[in-house]
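Listed here are the chains, written in short residue letters.
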Amino acid sequence: MASTAVSSGARRIRRQLPTSPWLFAAPGLLIAGAFILYPFVSTLVNAFTDRRTLVPGEFVGLANFRELLHDDMFWIGLRNSSLYVLGVVPALVLLPLLLALLVHKSIPGITFFRSAFYTPVVASIVVVGLIWVWMLDERGLVNSLLETVGVGRIGFLSDQWLILLSAMAVTVWKGLGYYMIIYLAALANVPRELHEAAAVDGAGPVRRFLSVTVPAVRSTVVLVAALASVAAFKVFSEVYLMAGPSGGPAGEDTTLVMLVQRTGTGLTGRVGYASAISVVVFAVTLVLMLLVLRADRKEES
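The protein is annotated in an unreviewed UniProt entry as Sugar ABC transporter permease from Streptomyces rochei. Per UniProt, the protein carries the Subcellular location (unreviewed entry) text "Cell membrane". Its UniProt record gives the protein a comment under Sequence similarities (unreviewed entry), which states: "Belongs to the binding-protein-dependent transport system permease family."

Trainee: Looking at this model, I keep getting lost on the packing of aromatic side chains. Mind explaining?
Mentor: For any pair of aromatic rings, the description consists of the separation of the ring centres together with the inter-plane angle of the planes. Within the structure shown, the criterion is met by seven aromatic pairs. Seen in terms of ring centroids, Tyr178 and Tyr179 are 5.1 Å apart; in terms of plane orientation they differ by 80°. Their pairing is edge-to-face. A cation sits over an aromatic face here: Arg270 above Tyr273, 4.5 Å from the ring centre.

Trainee: What is the right way to look at the nonpolar core in this model?
Mentor: Soluble, globular proteins show a tendency: their nonpolar side chains are buried together. Core analysis: the biggest nonpolar cluster contains 65 residues, and Leu68 and Tyr84 have the highest contact counts within it. No other element matches the 14 residues that helix H8 (residues 160-187) contributes to this core. Excluding anything up to four places from it in sequence, Tyr84 contacts Val89, Leu164, Ala167, Met168, Thr171, Ala232, Val235, Glu238 and Val239.

Trainee: Sorry if this is basic, but what is going on with the environment of Ala243 here?
Mentor: One can find Ala243 in helix H12 (residues 237-243). Of the residues examined, Ala243 reaches a relative accessible area of 12% and is grouped as buried. Separated by 196 residues in sequence, Ala243 and Ala47 place their C-alpha atoms 28 Å apart. When near neighbours in sequence (up to four residues on either side) are disregarded, Ala243 contacts Ile163, Gly248 and Asp253.

Criteria and thresholds
Residues numbered from 1 in each chain as written. Predicted model: local features only at pLDDT ≥ 70, side-chain atom pairs only at ≥ 80, totals over all residues. Heavy atoms only, no water. UniProt positions renumbered as here; feature names shortened; annotations may be inferred. Phe/Tyr/Trp six-rings, centres within 6.5 Å; stacked < 30°, edge-to-face > 60°. Lys NZ or Arg CZ within 6 Å of the ring centre and 35° of its normal. Core = buried A, V, L, I, M, F, W, Y, C linked by side-chain atoms within 4.5 Å. Buried < 20%, exposed > 50% of the residue type's maximum accessible area, 1.4 Å probe, protein only. Helix = DSSP H or I, 4+ residues; strand = E, 2+ residues; numbered from the N terminus. Contact = heavy atoms within 4.5 Å.

As structure tokens, then:
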């Protein structure tokens, strides 16, 4: 009787197994479908319509994308987002690696410095942005110090290019700790014997860094470059807080994501046109990731 009960129980389990994984995955799939897949498909569909906030809209084909080609603000946004990638990504690839090397050693008190470097990551971007705005304001801390030493006040928040550079500085400062943690995980897997062998051969710290550390964490460098590129191209909060809703003087500091927010929100928002800009942002970020992966493959070969 006992064996019969066990066999019948095993048959029930086998019958339930094909559906059991889906039951476990269902909550995650529902969340992904509701908050990722549906918005993506909806944005893609809206990009080919003239939909507004309170108007369903009709199919207009490629009209929104043709309009983009003649929209000066779109090209300004594309320029600023591209410059942001060029200015931020190299710093976020190299500086966190150097920072990780500094805090990688097991010495007394190093945990404090690791926590201190990671603190900006967990801080709210709004709070961080407002602190930097206060520091860089015309009468802020930085300009007061510059005036004290005789340099004079600098329009960090009034000059087109200084606004963009200031926003880049905030992005780098806030992202250092995040990418540092990623590098620390990679450095923990680098065999100590490689450094010892290089030291025996007479290699100095710089030579060991270039010949041992960099090749060992190359895949992590690629990951950081991809993540930083996508995040930099989609920048919004830093520039919005530094330049204001208008995007700086005459809107010259507007990024693509800021243009999406400005165009597609409000009672008269052009949802279809904003969706077309969003599709372009997605396409460019996808190309950026593919270029990084392609460069990595060429390096491997």
